[in-house]
Amino acid sequence: MRNIFVLFLLIILIASCTKETGSFDLSFKAIMKDEPLILNKAYEFGNMDIKFENLAFYVSDISLTDKKGGKVELADIEFISLNNFDELSASAGKSIRFNDIPTGTYKKINFTMGVASDLNSKTPSDFDVSDPLGRTDFYWADWKSYIFSKTEGSADTLRNGNFNLKFFYHTGSDELIRSYELVEDLNVDENFNFGLEIFFDYDKLLRKGDETYFDIKAFPRNHNPSELNVITQLVNNYIKAIKFRL
Amino acid sequence: MRPFKLHIWLILLVFLFLSCEKENQKSEDIDLTQIEYNPVDFKLNTPKHFPGFTNPADNPLTIDGVKLGQHLFYDPILSLDSTVSCASCHIPNKAFTDGKSISNGVNGLIGTRSSMSLVNIAYAFNGLFWDGRSNTLEEQAIEPVENAVELIEDWDNVEEKLRRSPKYQELFRKAFGITRATDINRNLATKSIAQFQRIIISGDSKFDRVEFGNNAAYTNDELDGRDMYFDADPLTPDAECAHCHNGALLTSQQYFNNGIESVSDLNGFPDKGKGGVSNILFDNGKFRAPTLRNIEITAPYMHDGRFKTLEEVLDHYNSGGHFAQNIDPLIRPLSLSEKQKANIIKFLKTMTDTSYLSNPNIIDPFK
């Protein structure tokens, strides 16, 4: 009888030591004019029409912080491609599930747009070819930096149906790293998958400081480290272009 | 007399039948356990400046696995009439290409695309072939055998031929520890070919030594070409090469329409490339960016071998190519002078490295 009692206590002890965990879903979605952004679809853009053709970026240092200030690291780096050619996939965006997150209510989520400087000091050769940071198409040796984001497309500047002006804006280098946090109660429960949607509004991303659209005709390309104006504006626009939905 | 003769014939027929049966049994049921099986890891020395690659857990490199793959790669036994091997289209001294615009198969049948280099293929990800239709080397190696314009053979026949061969019985036993000849199959054959392909490493060109080893130097012309290739000097034009051909592997492993085809719309590409696999219209006419390592010895160029020389390639990129809706935004008129184009070619030639030809594990074992 005594042995059974001890065993019972032991089981309770072990059970209480086992921390309950749940999962947390993060969904990244591109929108344009408040609708899911579909690649190769024409959108009004000031006095011209544009089509997006390649939208991808790095997000690093994704973490949750609990009410006591404890941090749960979700990921060091994620490569997000939002290249969706139809309504269904554009609505779904790119989802990542983080498992084994201690259950509870978290007070905020933090992440960095771009490659955090500790990782940005490395090169693709430091990683496996299939690692997100092993991608050489997202590394620019002469910047000594990863390309944090690519926003590429074509413009019909005369609105005559010819999308013959190619544009691309590639961001990169430590000075263009931007960090964000969402202060909100975020519940991780073992019984259901908690999800957070992060929308990237490309209509707001490609605007100048005065809220008018980028002059794609005058500056259709930017990947030059000595000409950072346009891409600095682009990364500064994240604060207006990123929206959250629980 | 007549009935007796018939009797003899009947006996002979039965004897013939039985002897055939016995012969079949002999090829099917051979016990291989007397042959030593002692797998030893193959130590692959990869250049320090290369990224890593993950070898499949179910197909580790072993000395005997690589050896078997090497033999199968060079042996025409995989083809219908024993005239064509993997090496027919992937010739070592051409960086494992074949020097033809479009590769030939059995009976000289013309294929559909140019042979791709296998150098550093261990590092390939994001799809193999020009259109990315295979995910792994093991998966890729299955296809050419039964391709109607390549080896035109049936894997069932190949397996039977290999099972009957005492040499391959031994090689398969040593590579994979099979116990009977009937255990020889296409799965093991392609695994060993993949092992062999993974050891074809090249990382000792002048480009490697200058960029990563700091123990060599470019000539002035090569350096000028390098500056344009990498857009490294604001005083020289940006030749836009490095966007697609970069890193130590000299490829981004992505798919692009580089403007070589004149089409009226995205349905007009004679070879849909990536689009034929993904079924995404916008992928039509996109092809995998090949490595530029050894580009000097892998002519002709492009997926259909349309450019015979590097000069023609440079002329194409300098022109800005043919516009299409999905042309890569970096393909644009470059306004390079003849001297500048020549210097870029000089730089490209620093990427040549055939040191792997001295590796006995890589060259033809039948010679």
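Let me begin by describing the structure that accompanies this report. (Residues numbered from 1 in each chain as written. Chains lettered and ligands numbered in written order. Predicted model: local features only at pLDDT ≥ 70, side-chain atom pairs only at ≥ 80, totals over all residues. Heavy atoms only, no water.)

## Description of the overall build of chain B
Point 1. Summing up its helical and strand segments, chain B has 12 helices and 2 strands in all.
Point 2. Its helices and strands in sequence order give chain B the pattern α-α-α-α-α-α-α-α-α-β-α-β-α-α, from N to C terminus.
Point 3. In terms of overall dimensions, chain B has a C-alpha envelope of 100 × 50 × 30 Å along the principal axes.
Point 4. Looking at the 367 residues of chain B, the share that counts as buried comes to 53%.
Point 5. A separation threshold of at least 6 residues defines the contact pool for chain B, and within that pool the share at least 24 residues apart is 65%. (Helix = DSSP H or I, 4+ residues; strand = E, 2+ residues; numbered from the N terminus. Buried < 20%, exposed > 50% of the residue type's maximum accessible area, 1.4 Å probe, protein only. Contact = heavy atoms within 4.5 Å.)

## Quick look at the pairing of strand β4 (residues 48–66) of chain A
Residue and element names in this part refer to chain A.
Point 1. In terms of burial, β4 is a largely internal element, 17 of the 19 residues being buried.
Point 2. Between the antiparallel neighbours strand β3 (residues 42–45) and β4 lie 2 residues, among them G46 with a positive phi of about 65 degrees.
Point 3. Across 9 bridges, β4 lies against strand β5 (residues 71–81) in antiparallel orientation. Note that in β5 the partner of Y58 across the bridge is F79.
Point 4. Where β4 hands over to β5, the hairpin turn is made up of 4 residues, of which G69 adopts a positive phi near 90 degrees.
Point 5. Two strands pair when backbone bridges link them, and β4 and strand β7 (residues 104–113) are joined in this way by 6 bridges, in the antiparallel orientation. (Pairing = 2+ DSSP bridges.)

## Remarks on the side chain of N294(B)
Point 1. Mapped onto the elements of the fold, N294(B) is located in the loop between β2 (287–288) and α11 (310–319).
Point 2. Residue N294(B) is classed as buried on the basis of its relative accessible area of 0%.

## A closer look at unusual backbone geometry
Most peptide bonds take the trans form, and the phi angle of most residues other than glycine is negative.
All names here are of chain B.
Point 1. Here the bond from A299 into P300 is cis, since omega is -5 degrees, no more than 30 degrees from zero.
Point 2. Its place among the elements puts P300 in the loop between β2 and α11.
Point 3. Within the chain, N107 stands out as a residue other than glycine whose phi angle is a positive 60 degrees.
Point 4. Tracing the sequence through the fold places N107 in the loop between α3 (86–89) and α4 (137–146).
Point 5. According to the relative accessible area criterion, N107 is exposed, its value standing at 65%.
Point 6. One non-glycine residue, N294, lies in the positive phi region at around 65 degrees.

## Things to note about the packing of helix α2 (residues 63–74) of chain B against helix α7 (residues 186–198) of chain B
All names here are of chain B.
Point 1. With their axes 7 Å apart at the nearest point, α2 and α7 run at an angle of 95 degrees to one another. Between α2 and α7, the interaxial angle falls into the category roughly perpendicular. Counting all contacts with α2, which are made through G65, V66, L68, G69, Q70, L72, F73 and Y74, the residues of α7 involved are A189, S192, I193, Q195, F196 and Q197.
Point 2. When its residues are assigned to classes, the contact of α2 with α7 shows 8 nonpolar, 6 polar and no charged. (Axes fitted to C-alpha atoms, helices over the stretch in contact; angles between N-to-C directions. Parallel < 35°, antiparallel > 145°, perpendicular 65-115°, else oblique. Nonpolar A, V, L, I, M, F, W, Y, C, P; charged D, E, K, R; others polar.)

## Observations concerning helix α8 (residues 206–213) of chain B
Residue and element names in this part refer to chain B.
Point 1. Within the sequence span of α8, burial applies to F207, D208 and V210.
Point 2. Against the buried residues of α8 lie α9 (220–230) and α12 (338–348).
Point 3. N214, located one to two residues past α8, shows a positive phi value of around 55 degrees.

## Overview of the nonpolar core
As a rule of thumb, soluble globular proteins bury nonpolar side chains together.
Point 1. Counting residues in hydrophobic clusters, the biggest one holds 99 residues, and the most contacted among them are F24(A), F28(A), F52(A), L64(A), Y202(A) and Y229(B).
Point 2. With residues up to four places along the chain from it excluded, the contact list for L64(A) reads F24(A), G70(A), K71(A), V72(A), L74(A), I101(A), Y106(A), K108(A), I109(A), L186(A) and V188(A).
Point 3. Residues W155(B), V158(B), L162(B) and I199(B) belong to the second largest nonpolar core, which totals 38 residues. (Core = buried A, V, L, I, M, F, W, Y, C linked by side-chain atoms within 4.5 Å.)

## Examining the pattern of salt bridges
Residue and element names in this part refer to chain B.
Point 1. All chains considered together, the criterion is met by 40 salt bridges over all chains.
Point 2. Note that D208 is salt-bridged to R293, the shortest N-O span being 2.6 Å. Note that D208 is positioned in helix α8 and R293 in the loop between β2 and α11, a separation of 85 residues in sequence. Assigned by exposure class, D208 and R293 land together as buried.
Point 3. By sharing partners, the salt bridges in this structure join R113, D131, R133, E143 and D271 into a single network. (Salt bridge = Lys/Arg side-chain N within 4 Å of Asp/Glu carboxyl O.)

All we've got here are geometric facts, nothing functional implied.
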